[in-house]
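# Descriptive analysis of the structure
Each chain, letter by letter, is given below.
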Amino acid sequence: MSFITRFAPSPTGPLHLGHAYSAIRAHDMARAAQGRFLLRIEDIDQTRARPDWEAQILDDLSWLGLTWDAPPQRQSDRLPRYEAALDQLWEAGLLYPCRCRRRDIAAAASAPQEGAPLHGPDGLIYPGTCRDTPRTGPRPKGEALRLDMKKAAQDTVYYQEISDGSHPTMTPEAMTARIGDIVLSRRDFLGSYHLSVVLDDADQGVTHVIRGADLAEATPIHVLLQRLLGLPTPLYHHHRLIRDETGKRLAKRDDARAIATYRAAGDTPADIRRRIGL
Ligand code: GLU
């Protein structure tokens, strides 16, 4: 069986211990399986991505001893692919334009008759204010587009989790109640993390997605999009997260745990592996 996996950093900050763990796990699993290890630069959000972070991330990965089997793929090079997928979903009547601002959504979601506001993988679950906007004509540009979850989620989604052999599932009712109408194309940039990750994994031929447990709640969204777009569903491995001494998950802005900081202090790649329990 083929084994193609990837590491997909967003160049919005330095590579830290948590990323190094993810990259090394994916790399080592690919090598053990005589498979392929690919890199993808998730720079779709050009308001936050920076070329100097990208250069530093690639340098840190090489220093850690990782090698990749093709030149890195960059999301900013793939906008026509995302446009085509948005057209496909728009023509199927599954998207609608939304003009709500974050504060409108917060206000609508916390209106007294709505009960406690519910949070999904992308923050507050959208209360549906713009859902009745007409979906005719060409796909609107320069506006946020949301997925009509009720219309999109017709069957239970499921995938195989290879870390523990389980088969997580999510029913259409749960997709609607716990995820809701997520944004698939933003006002300030084309596409979204969910849309691009699904298209990129498919186009890179990824058979095994190895990533942190914090992304597991987004996986049902990805499986649904794979179905809607006629793409294969890979196997998933959501690994443990690296935490600091107080149990808090490391964040990008946690520069104290940046690989660059450890390098500057004289760590070797073997020291880094030891720090993250590898
Ligand atoms: N770019 C994402 C991150 O840095 C990873 C996405 C993924 O592995 O699916 O958290």
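The sections below set out a description of the structure shown in this document.

Conventions we followed
- Residues numbered from 1 in each chain as written.
- Predicted model: local features only at pLDDT ≥ 70, side-chain atom pairs only at ≥ 80, totals over all residues.
- Heavy atoms only, no water.
- Near = heavy atom within 4 Å.
- Polar contact = N/O pair within 3.5 Å; in protein donor to acceptor, adjacent residues only side chain to side chain.
- Areas by Shrake-Rupley, 256 points an atom, 1.4 Å probe, with all protein chains shown as cover.
- Nonpolar A, V, L, I, M, F, W, Y, C, P; charged D, E, K, R; others polar.
- Salt bridge = Lys/Arg side-chain N within 4 Å of Asp/Glu carboxyl O.
- Helix = DSSP H or I, 4+ residues; strand = E, 2+ residues; numbered from the N terminus.
- Buried < 20%, exposed > 50% of the residue type's maximum accessible area, 1.4 Å probe, protein only.
- Core = buried A, V, L, I, M, F, W, Y, C linked by side-chain atoms within 4.5 Å.
- Contact = heavy atoms within 4.5 Å.
- Expected span 1.5 Å × (residues − 1).
- Arc of directions from axis to C-beta.

Every residue lining the ligand is accounted for by R6, A8, S10, E42, Y193, V197, R211 and L215. Here a nitrogen atom of the ligand and a side-chain polar atom of S10 are 2.9 Å apart. Coverage of the ligand by the protein chains reaches 81% of its 300 Å² of free accessible surface. Looking at the shell around the ligand residue by residue, the class counts come to four nonpolar, one polar and three charged.

Across all of its chains, the model carries 23 salt bridges by this definition. The salt bridge involving R78 is made with D203; its shortest N-O contact spans 2.8 Å. Of this pair, R78 sits in the loop between β3 (73–74) and α3 (79–91) while D203 sits in helix α7 (residues 193–203), and the two are 125 residues apart along the sequence. On the basis of relative accessible area, D203 is assigned to the partly exposed category, the value being 35%. Notably, a salt bridge pairs D87 with R139, separated by 2.7 Å at the nearest N-O pair. In this pair, D87 sits in helix α3 while R139 sits in the loop between β6 (123–124) and β7 (144–147), placing the two residues 52 residues apart along the sequence.

This paragraph deals with the nonpolar core. Formed by 35 residues in total, the largest nonpolar core has its most connected members in L95, L147, M175, L184, L195, L224 and L229. Counting only elements with at least two residues in this core, the list comes to α3, β7, α5 (149–152), α6 (172–178), α7 and α8 (219–228). For this core, the element with the highest residue contribution is α3, accounting for five residues. Contacts of L224, omitting those with residues within four sequence positions, involve L147, M149, A152, A153, V157 and M175. Within the second largest apolar cluster, 25 residues are counted, among which are A26, I41, L61 and L64.

The topology assignment puts G142 in the loop between β6 and β7. Assessed through its relative accessible area of 59%, G142 is described here as exposed. Expressed as a C-alpha distance, the spacing of G142 and P97, which sit 45 residues apart in the sequence, is 9.5 Å.

Our focus in this paragraph is helix α2 (residues 51–63). Across its 13 residues, α2 extends 18 Å between first and last C-alpha, which sits within 8% of the 18 Å expected from 1.5 Å per residue. Inspection of α2 places E54, I57, L58, D60 and L61 among the buried residues, and these make up the whole buried set. Along the long axis of α2, the arc covered by the buried residues comes to 160 degrees, so they all point the same way. Taken from the residues just after α2, G65 is the one with a positive phi, measuring 95 degrees.

The quantities given are spatial measurements derived from coordinates; they are silent on function.
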